[in-house]
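# A closer look at the structure
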Amino acid sequence: MCTKSKHAVAGTALAGLAFARSAHAAGTDLIKIALIGSGGRGTGAAINALKNSANPNVKLIAVADAFQNRLDNSLRAIQAQCKDKVDVPEERKFVGLDAYQKAIDSGADLVLICTPPGFRPMQFEAAVKAGKHIFMEKPVAVDAPGVRRVMAVNDEAKRKGLAVAVGHHLRHEVKHKEVIKRIHDGAIGDVCFLRAYFNSSGVWVRKREPQDTEMQYQVNNWYYFNWLSGDHIVEQHVHDLDVMNWIKDACPVKANGMGGRQFRVGPEYGEIYDHHAVEFEYADGTKMYSFCRHIPACWNSFSEHAHGTKGRVEIQGHGAADLYVDGQPPTHWERGPDGHQVEMDDLFAALAAGQSYNEGDYSATSTMTAILGRMATYSGKALTWEEAIGSTLDLSPDGYTWQSTPQPEPGPDGIYPCAVPGVSRAV
Ligand SMILES: NC(=O)c1ccc[n+]([C@@H]2O[C@H](COP(=O)([O-])OP(=O)(O)OC[C@H]3O[C@@H](n4cnc5c(N)ncnc54)[C@H](O)[C@@H]3O)[C@@H](O)[C@H]2O)c1
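Since the model is a prediction, treat every value here as computed from it, not as a measurement.

### Side note on the nonpolar core
Generally speaking, soluble globular proteins have nonpolar side chains that are buried together. Ranked by size, the top nonpolar core spans 115 residues in total, and within it Ile33, Ala103, Val111, Leu112 and Ile134 carry the most contacts. Of the residues forming this core, the biggest block, 8 residues, is contributed by helix H13 (residues 360-379). Counting the residues that make up this core, at least three belong to each of domain 1 (9-170 + 340-358) and domain 2 (189-335 + 368-389). Beyond its immediate stretch of four places on either side in the chain, Val111 contacts Ala34, Ile36, Ala103, Ile104, Ala127, Lys132 and Ile134.

### Quick word on the site of the ligand
What surrounds the ligand is a group of 26 residues, the closest being Gly37, Gly39, Arg41, Arg70 and Glu137. Breaking the shell around the ligand down by element, the ones donating at least two residues are helix H2 (40-50), strand S3 (58-65) and helix H4 (99-104). Per-element accounting of the shell around the ligand gives the leading share, 3 residues, to H2.

### Notes on the confidence of the model for the chain
Mean pLDDT over the chain works out to 94, with 94% of the residues at or above the 70 mark. Every residue in residues 5-23 is under pLDDT 50, and counting partners more than four places away or in other chains gives 45 contacts.

### Section: the environment of Gly257
Counting through the fold element by element, Gly257 comes out in strand S9 (residues 254-260). Here Gly257 falls in the buried class, since 26 other C-beta atoms lie within 10 Å of it. As for Gly257 and Ala163, which are separated by 94 residues in sequence, their C-alpha atoms are 36 Å apart. With sequence-adjacent residues up to four places away left out, Gly257 is seen in contact with His276, Ala277, Val278, Glu279, Gly373, Ala376 and Thr377.

### Let's talk about the domain arrangement of the chain
Each assigned domain of the chain is listed with its residue range as follows: domain 1 (9-170 + 340-358) and domain 2 (189-335 + 368-389). Of note, the centres of domain 1 and domain 2, computed from C-alpha atoms alone, are 26 Å apart. Contacts between domain 1 and domain 2 engage 12 residues on the former and 19 residues on the latter. Split into classes, the residues belonging to the side of domain 1 that touches domain 2 amount to 8 nonpolar, 2 polar and 2 charged.

### Topic: helix H7 (residues 174-184)
Lys175, His176, Val179, Ile180 and Ile183 are the residues of H7 that are buried. Around the axis of H7, the buried residues are gathered within 115 degrees of arc, so they sit on the same side. Of the residues in H7, the exposed ones pointing more than 90 degrees away from the buried face are Lys181 and His184. Next to the buried residues of H7 lie strand S8 (191-200), helix H11 (238-248), strand S12 (301-308), strand S13 (311-316), strand S14 (321-325) and strand S15 (331-333).

### Re H11
With 11 of 11 residues buried, H11 lies mostly within the body of the structure. Turning to H11, its buried residues number three or more, namely Val238, His239, Asp240, Leu241, Asp242, Val243, Met244, Asn245, Trp246, Ile247 and Lys248. Elements in contact with the buried residues of H11: H7, S8, helix H10 (232-235), strand S11 (287-294), S12 and H13. Phi turns positive, to about 50 degrees, at Asp249, one or two residues after H11.

Thresholds applied
Residues numbered from 1 in each chain as written. Predicted model: local features only at pLDDT ≥ 70, side-chain atom pairs only at ≥ 80, totals over all residues. Core = buried A, V, L, I, M, F, W, Y, C linked by C-beta atoms within 7 Å. Buried ≥ 20, exposed ≤ 12 C-beta atoms within 10 Å, placed from the backbone. Helix = DSSP H or I, 4+ residues; strand = E, 2+ residues; numbered from the N terminus. Domains from an automatic or database assignment. Contact = placed C-beta atoms within 7 Å. Near = placed C-beta within 6 Å. pLDDT = per-residue confidence, 0-100. Nonpolar A, V, L, I, M, F, W, Y, C, P; charged D, E, K, R; others polar. Arc of directions from axis to C-beta.

Pasting the structure below:
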């Protein structure tokens, strides 16, 4: 049962215990970094790490990606911005689905795991097993077995004194922290209900090449397959759902919802929906209304809102935040520094200070919240947290080679089956 979402645990000195004996000594010793998944975010995360404000003594020493061209493009981009902090000779460039393990074994202290979310539990587990500090992107899994695995591995990381940072950068945005502190201090009174939106025109599509195996195609065009992305409610909207759980300091106990695909219906869009609307409920009865849509030429919003007995807040994901308290002038916060940089600054500050750092618990429950939402829209059923987290539905393929068979398989017309509420197994 999830009642409390555990917040980032940063700042507890480990008194020279596990942390000092782990991947590197505290202070500003050289921290060697390996990047796993050198796509858009991985490239950005590596640059953020190399430019962190706490320890200039950092080097990128290894890069792993499923595809050679992605690795080459990423290294070029990182070198263009951080030339003197890149030391990746040919023997530390790794390509393929087993490349992640080679990067983990390359002598790095910290690994940045920025692959599609479906690989996260496996790659997080391998990094913790090898005693590495970790930054990993959200979401941390795509199904309930994956979330349970991440939770167990995260406990192991804590026992080993390893830092675990997760790319919920909104947790590091100053205006989010300021306004949510005001909510927790009672500025808007009791929270009556919450709203969350991730409505946008959608993301890239990567086309099938004639020589692609089905596995190569799906890993490349990963956004549209649940075993890789979890659907956009999990891949993207998890940002807002994490903020909702942060405000409530809890995760929902039940959900019902509806969704489907109206615009993205061709074979290139795999199996995911293009819209979801979910009503979540927390243990105290508070409702949270969640909406996400990937359809062009519609109203777009990436924002979080809380309504209380004495006022309300409006937070733009990548914009300003406003607090409205009844009878008082509004309080406004500009966005402030980009959370993607601040999250790395905070991680490296903790490493330099020899302090424990773990963002794994709340990230796992926020990912599970999003998965609960997907289960509700796909099944058309009202579901409890317990049913969702206990689910045995495992989306992983039958192996991790380019010849493996991923789920789902396309029909004769190239169209992939998608979930049908009331019919499909979604839990
Ligand atoms: N925090 C944020 O604001 C934010 C923003 C964008 C993306 N993300 C997250 O970052 C992750 C990556 O997203 P992206 O936009 O960079 O996608 P991307 O497709 O640009 O990058 C993913 C990279 O991983 C590689 N890859 C795929 N499978 C791999 C494997 N098994 N081993 C090694 N490499 C593999 C791909 O070839 C690709 O280069 C996702 O989890 C996404 O949700 C977070």
